[in-house]
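Structural description and commentary
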There are 2 protein chains.
Amino acid sequence: MSAGRVDAEGFAAWRSAQQAAVEAALSAWVTPDAPAGLGEAMRYAVLDGGKRLRPLLVLATGEAVAGRPAAAMRAACAVELIHAYSLVHDDMPCMDNDVLRRGKPTVHVRYGEAQALLTGDALQALAFELLVPDDGSIEHAMSAAMCRLLALAAGACGMAGGQAIDLASVGLALDQRALEAMHRQKTGALLQASVLLGASTGSVSEATRVQLARYGACLGLAFQVVDDILDVTADSATLGKTAGKDAASDKPTFVSLMGLAEAQAYADQVLDQAHQALNQSGLAQADTLHALADWVGRRAS
Amino acid sequence: MSAGRVDAEGFAAWRSAQQAAVEAALSAWVTPDAPAGLGEAMRYAVLDGGKRLRPLLVLATGEAVAGRPAAAMRAACAVELIHAYSLVHDDMPCMDNDVLRRGKPTVHVRYGEAQALLTGDALQALAFELLVPDDGSIEHAMSAAMCRLLALAAGACGMAGGQAIDLASVGLALDQRALEAMHRQKTGALLQASVLLGASTGSVSEATRVQLARYGACLGLAFQVVDDILDVTADSATLGKTAGKDAASDKPTFVSLMGLAEAQAYADQVLDQAHQALNQSGLAQADTLHALADWVGRRAS
């Protein structure tokens, strides 16, 4: 549906280069010198792992709006720190009690529960710190807008609230609307915020911003549908985390709700809407954003 | 040492009025409408409790520098949300495993561990959200400065780092220098940040800022020494939390290090330095800040 916009090789090269740049920036900003092993645990939670989808969304949107690269890299790392903290806390025994993440022992398994709790807490604070540098690399209005976007996406009416709904939904027969509302907060808010953070590094019209928000929302929904598909079709080694977890814990998923084939068709349909939003955004350089949407979809095939 | 600067009645009236204003602001900003009971748990963690020392420090400093009241109230509530989130996480079984806080069951006892974890996480995000309103009530440069102050005070080189040191120190024979370094981060950073947040609502010279920072540091240290004294001299009902906890868990304290009488003398000495810092700050209206230092000291007598 969007083939040919950017060739596969070019996108792969862009992705590798940006992933390496994000890794280097995270390594510089998540320093090992925090006391009592906390810095080490924070680095363990953040570095050398993950596809960096959220940072890539920030950076690609930043490029599409000709935004300020230094601000985009800070926002890319900030959103990844929020994501990383949520994984650390999510994996803890009182939440999902997961022992494997990105093929490695989870933070609480490696460093203990108390340190994992503090690691997540400190990563969240660091995310906001990155958005308000004292070196003038981000102007104050941009910093303030970014902090607000991130705080709303991470908080009670964003990610944390979505996780609360998720907790309360175990064993319940959610319908599709309720499931989507949950995921809109739990994973969608941060993915959409990634796009909007990227947009905030430059100057865009309100019409463009609305379409980018729609792109981010569709991409977030597709991401979750694909995630649910992978939970039943992939093995733990491929996923780098425990497969079959959702089914085993009786959590409602798009697959349990609509079946595998329907879920796949739904992911494709939602991704199509993401592409349409970009087409209506008026952005001249949206190739990488199109490619990122395809990339999210390809995880399932 | 500072008697007579502001009469006791006047300070008590100021304190009551400000505590009521903070309570009303927190109640308005920590809304019950976050999903799946999260809003309710957040309000339980935040409202109707505590002496609000940190907000009072923000507001008193804001008044002393003739700062913008709306900004000071947002900062006062933001710092209290960080404090409240740290208590929620600190009380969890993997940390201090405390069941009583301000005379009520702790959040994880009342709402479960998973919800307590999310409650703390969401409160931290909300703290930053309060500092970046979209209604123009805080100018962007002030918002950015405040976010930076709060992020640094809460994070790995502030409160969270101090808690990591605390965890790692159980059973160790810390000397006074190491104990103070730990508390400078664990409780001192946020108390000092409260003063500096208040100062950032107005315009102060660098010399004044330095003395306010010194005041905040001394007050933070005194607070902790007094806290350690209360842990052995007060009962749980008076404290509103479990007394004798530190001694029972073999944590190093100022009392275990120097004895009760010496610890009391040390608290007085450090508070004296806090008053001196104010005297050297050049601020014309520091009466309430003097009274707050005395108030911190009086908790022990």
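Right above here is the structure, for reference.
On a predicted model such as this, the values are computed, not experimentally measured, just so you know.

Turning our attention to the overall build of chain A. Looking only at helices and strands, chain A features 15 helices and two strands. At 18 Å, chain A has a C-alpha radius of gyration in line with the 19 Å of a compact globule built from 301 residues. Dimensions of chain A, computed from the C-alpha atoms along their principal axes, are close to 50 × 45 × 35 Å. By residue count, 57% of the 301 residues in chain A fall in the buried class.

Turning our eyes to something else, we now look at unusual backbone geometry. All names here are of chain B. Located in the positive-phi region is R52, a residue other than glycine, with phi close to 60 degrees. Residue position: R52 is located in the loop between α2 (38–46) and α3 (53–64). Judged by the 23 C-beta atoms lying within 10 Å of it, R52 falls in the buried class. The phi dihedral of N97 is positive, around 50 degrees, even though this residue is not glycine.

Before going further, it helps to examine the nonpolar core. C147, L150 and A222 of chain A together with C147, L150 and A222 of chain B are the most contacted members of the largest nonpolar core, which totals 214 residues. For L150 of chain A, the residues in contact, after removing those within four places along its chain, are A78, V79, I82, A127, F128, L131 and A193 of chain A.

Contact with chain A, which involves 44 residues of that partner, is made by 44 residues of chain B. For the side of chain A that touches chain B, the elements supplying multiple residues, two or more each, are α2 (38–46), α6 (113–131), α7 (140–154) and α8 (159–169) of chain A. Looking at the side of chain A that touches chain B, the element that brings in the most residues is α6 of chain A, giving twelve residues. Looking at the side of chain A that touches chain B residue by residue, the class counts come to 29 nonpolar, ten polar and five charged.

Residues and elements named next belong to chain A. Relative to the assigned elements, D250 resides in the loop between α12 (245–248) and α13 (254–258). Residue classification places D250 among the exposed positions, given that 11 C-beta atoms sit within 10 Å. It is 9.3 Å that separates the C-alpha atoms of D250 and S169, two residues lying 81 residues apart in sequence. The contact partners of D250, leaving out residues within four places of it in the chain, are V170 and G171.

It is worth spelling out the relation of the copies chain A and chain B at this point. When chain A is brought onto chain B, the operation consists of a screw motion whose angular component is 180 degrees and whose axial shift is 0.0 Å, with 0.0 Å RMSD remaining. In the structure described here, the two chain copies are related by an operation that fits a two-fold rotation axis.

To continue, consider the packing of helix α1 (residues 8–29) of chain B against helix α4 (residues 69–90) of chain B. All names here are of chain B. Relative to each other, α1 and α4 sit at 75 degrees, their axes nearing to 10 Å. The angle between α1 and α4 falls in the class roughly perpendicular. Residues A21, V22, A25, L26 and W29 of α1 form the contact with α4, whose own contacting residues are M73, A76, C77 and E80. Class assignment for the residues of the contact of α1 with α4 results in eight nonpolar, no polar and one charged.

Turning our eyes to something else, we now look at the environment of C94 of chain B. Inspection of the secondary structure puts C94 of chain B in the loop between α4 and β1 (100–101). For the pair C94 of chain B and V58 of chain B, spaced 36 residues apart in the sequence, the C-alpha separation amounts to 32 Å. Among residues more than four places away in sequence, those in contact with C94 of chain B are E113, A114 and L117 of chain A.

What counts as what
- Residues numbered from 1 in each chain as written.
- Chains lettered and ligands numbered in written order.
- Predicted model: local features only at pLDDT ≥ 70, side-chain atom pairs only at ≥ 80, totals over all residues.
- Helix = DSSP H or I, 4+ residues; strand = E, 2+ residues; numbered from the N terminus.
- Rg over C-alpha atoms; globule rule 2.2 N^0.38 Å.
- Buried ≥ 20, exposed ≤ 12 C-beta atoms within 10 Å, placed from the backbone.
- Core = buried A, V, L, I, M, F, W, Y, C linked by C-beta atoms within 7 Å.
- Contact = placed C-beta atoms within 7 Å.
- Nonpolar A, V, L, I, M, F, W, Y, C, P; charged D, E, K, R; others polar.
- Least-squares fit on C-alpha atoms with pLDDT ≥ 70 in both.
- Axes fitted to C-alpha atoms, helices over the stretch in contact; angles between N-to-C directions.
- Parallel < 35°, antiparallel > 145°, perpendicular 65-115°, else oblique.

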